[in-house]
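Given next are the chains, with one letter for each unit.
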Amino acid sequence: MASLARSASQAVRAASRRAPHVLATVKPAQTASFSVLARASAVKAAQRSTPQGTRGVKTLDFAGTKEVVYERSDWPLAKLQDYFKNDTLALIGYGSQGHGQGLNARDNGLNVIVGVRKGGESWKQAIEDGWVPGETLFPIEEAIQKGTIIMNLLSDAAQSQTWPTIAPLITKGKTLYFSHGFSVVFKDDTHVVPPSDVDVILVAPKGSGRTVRTLFKEGRGINSSIAVWQDVSGKAKEKAIALGVAVGSGYLYETTFEKEVYSDLYGERGVLMGGIQGLFLAQYQVLRKNGHSPSEAFNETVEEATQSLYPLIGEKGMDYMFNACSTTARRGALDWAPIFEKANVPIFEQLYESVRNGTETRKSLEFNGRSTYREDLNKELEVINNQEIWRAGKVVRSLRPDYKPDSE
Ligand SMILES: NC(=O)C1=CN([C@@H]2O[C@H](COP(=O)(O)OP(=O)(O)OC[C@H]3O[C@@H](n4cnc5c(N)ncnc54)[C@H](OP(=O)(O)O)[C@@H]3O)[C@@H](O)[C@H]2O)C=CC1
Ligand SMILES: CC[C@](O)(C(C)=O)C(=O)O
Ligand SMILES: [Mg+2]
Ligand SMILES: [Mg+2]
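Everything quoted here is computed from the prediction, not taken from an experiment.

1. Overview of the site of ligand 2
Then, number 1: Taken together, Gly-207, Ser-208, Asp-264, Glu-268, Leu-272 and Met-273 are the residues near ligand 2.
Then, number 2: Note that an oxygen atom of ligand 2 is positioned 3.1 Å from one of the side-chain N or O atoms of Asp-264.
Then, number 3: Contact between ligand 2 and Glu-268: an oxygen atom at 2.6 Å from a side-chain N or O atom of the residue.
Then, number 4: Notes on ligand 2: free accessible area 290 Å², of which the protein chains cover 63%.
Then, number 5: A class-by-class count of the residues in the shell around ligand 2 yields two nonpolar, two polar and two charged.

2. Points about the UniProt feature "domain: KARI N-terminal Rossmann" (unreviewed entry) in the chain
Then, number 1: The residues that UniProt annotates with the feature "domain: KARI N-terminal Rossmann" (unreviewed entry) are residues 66–255.
Then, number 2: End C-alpha atoms of residues 66–255 are separated by 13 Å, and the span's content is 38% helix alongside 24% strand.

3. With respect to the coordination of the magnesium ion (ligand 3)
Then, number 1: Coordination sphere of the magnesium ion (ligand 3), protein contribution only: Asp-264 (OD) and Glu-268 (OE), at 2.0 Å.
Then, number 2: A separation of 3.4 Å is found between the magnesium ion (ligand 3) and the magnesium ion (ligand 4), both of which receive a donor from Asp-264. Taken as a pair, Asp-264 and Glu-268 lie in helix α14 (residues 257–269) at a separation of four residues, close to a single helical turn.

4. Notes on the environment of Trp-390
Then, number 1: Structurally, Trp-390 can be placed in helix α21 (residues 388–398).
Then, number 2: Accessibility expressed as a relative area gives 17% for Trp-390, which makes it buried.
Then, number 3: Spatially, the C-alpha atoms of Trp-390 and Phe-182 are 31 Å apart, while their sequence positions differ by 208 residues.

5. Describing the pattern of salt bridges
Any two side chains of opposite charge can pair, on the condition that their charged atoms come close.
Then, number 1: Tallying each qualifying case throughout the model produces 18 salt bridges.
Then, number 2: Put simply, Lys-124 and Glu-121 hold a salt bridge, and the shortest N to O gap is 3.4 Å. Here Glu-121 and Lys-124 lie together in helix α7 (residues 121–128), a separation of three residues that amounts to about one turn.
Then, number 3: The class for Glu-121 is partly exposed, based on a relative accessible area of 46%.
Then, number 4: With a shortest N-O distance of 2.6 Å, Asp-199 and Lys-239 are connected by a salt bridge. Placement of Asp-199 in strand β8 (residues 199–205) and of Lys-239 in helix α13 (residues 236–246) is noted, with a sequence separation of 40 residues between them. This pair shows no difference in class: Asp-199 is buried, exactly as Lys-239 is.
Then, number 5: Look at the salt bridges and you will find they share partners, linking Lys-206, Glu-260 and Asp-264 into a network.

6. Focus: the packing of aromatic side chains
Then, number 1: Under the defined criterion, the tally for this structure stands at 13 aromatic pairs.
Then, number 2: An angle of 55° between the planes, with centres 5.3 Å apart, marks the rings of Trp-229 and Phe-257 as tilted. On the criterion of sequence distance, the pair formed by Trp-229 in strand β9 (residues 222–230) and Phe-257 in helix α14 is long-range, its members being 28 residues apart.
Then, number 3: Overall, the relative accessible area of 1% leaves Phe-257 in the buried class.

7. Structural notes on the site of ligand 1
Then, number 1: Around ligand 1 there are 24 residues in total, and Gln-97, Arg-117, Ser-122, Asp-156 and Arg-374 lie nearest to it.
Then, number 2: Taking Asp-156, its side chain carries an N or O atom lying 2.6 Å from an oxygen atom of ligand 1.
Then, number 3: Gln-159 places a side-chain nitrogen or oxygen 3.3 Å from an oxygen atom of ligand 1.
Then, number 4: Relative to its unbound accessible surface of 900 Å², ligand 1 loses 82% to contact with the protein.
Then, number 5: Contributions of two or more residues to the shell around ligand 1 are made by α6 (96–107), α7, α9 (156–166) and α20 (373–385).
Then, number 6: Here the shell around ligand 1 takes five residues from α9, the largest share from any one element.
Then, number 7: Tallied by class, the residues present in the shell around ligand 1 amount to six nonpolar, 14 polar and four charged.

The rules behind these values
- Residues numbered from 1 in each chain as written.
- Chains lettered and ligands numbered in written order.
- Predicted model: local features only at pLDDT ≥ 70, side-chain atom pairs only at ≥ 80, totals over all residues.
- Heavy atoms only, no water.
- Near = heavy atom within 4 Å.
- Polar contact = N/O pair within 3.5 Å; in protein donor to acceptor, adjacent residues only side chain to side chain.
- Areas by Shrake-Rupley, 256 points an atom, 1.4 Å probe, with all protein chains shown as cover.
- Nonpolar A, V, L, I, M, F, W, Y, C, P; charged D, E, K, R; others polar.
- UniProt positions renumbered as here; feature names shortened; annotations may be inferred.
- Helix = DSSP H or I, 4+ residues; strand = E, 2+ residues; numbered from the N terminus.
- Donors = N, O, S within 2.8 Å, 3.2 Å for Na, K, Ca; no water.
- Buried < 20%, exposed > 50% of the residue type's maximum accessible area, 1.4 Å probe, protein only.
- Salt bridge = Lys/Arg side-chain N within 4 Å of Asp/Glu carboxyl O.
- Phe/Tyr/Trp six-rings, centres within 6.5 Å; stacked < 30°, edge-to-face > 60°.

Here it is as structure tokens:
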């Protein structure tokens, strides 16, 4: 009953944040079913966009390799709330993932508290998102003491720095949760060695925390990786799946802590972030050297990619995008793809090795462990922001029909 009342009040708070004008019409008697209704419509929306025949299937054939996939529909809201009825999810850290996972779990009616440094950026952000000091927002140590499931969503560098303080608070029977394999896999550098009497699990959303939140609000779910490092209770995997659903995952792909951290560090340095910035910039620079205007170079490099062609890849694959383009483009792209592949394989080999041998981890720990990490990162990002390509991009975006002047 207490948990029902709690989900009711959480649902009202969630409703007021999502649509303040609706709150006045939500009466107390209606609130208990509010988040259930929201979730039901979310599930319906998800079902509409799911191909027939895949629901409930646990083992799927991925291009010849069989893999296990878990899904949200196996965890209806009532089951999820019942499963965690005696738990307090202590979400430590409130960056991009803390925000997305925390708000989703709260909207799912679970008992969530946030733990961050008092007075820091995250403390302010958490208050803006409706976490209440002394009720649902606490300094880190206090939140860990109150929690049964400790969700360590501090920056990876901070997880290492704070470990000596927080480790003794992770007592027998608690669950330790990460969204990255970083801290425990690279233990020689991070010195994070979990106590032997707690379950240690991972739910790593494969996308930004902002997307974790927006997909959840759209009634969809992000793909997440799940893994178990230590199973003391015998229920670690089940708990990881349930928590994955609680924080907004649609499908959960089983992996290991090692595989998750290697692929993640590799992907973000490669095609997802570092590689794409490098490739965009290289193409833009050559266009500019050959006398093309900034707008032409930007449109041909970034705008057409992100607004027209890449969404087609996302929708139906590479061949679909190729087929949506001219035969002239298709011929040329087919010729040049292997050349780019060949040129890039050695770079990707070098990158994977740098991830595997811990070089990337040590760099990240050193840099993001500085007290000035935010300012230092911002300085370098400001250099990117000031590159001609991205300055030109702002003007191109300002011409979009849905452009909002204050959105940049
Ligand atoms: N960003 C993403 O979308 C994804 C992240 N992950 C993983 O999720 C975890 C969290 O990442 P993310 O959400 O990006 O968070 P960030 O890496 O941006 O870390 C931010 C949090 O760390 C806190 N923090 C930083 N330094 C310290 C310190 N010395 N002492 C105490 N707190 C500190 C910040 O608090 P304060 O404001 O007080 O500085 C803030 O709450 C990481 O393991 C990451 O690899 C996984 C998937 C995607
Ligand atoms: C691609 C970057 C990422 O790995 C992510 C959003 O998945 C991260 O660490 O933020
Ligand atoms: Mg990452
Ligand atoms: Mg990632």
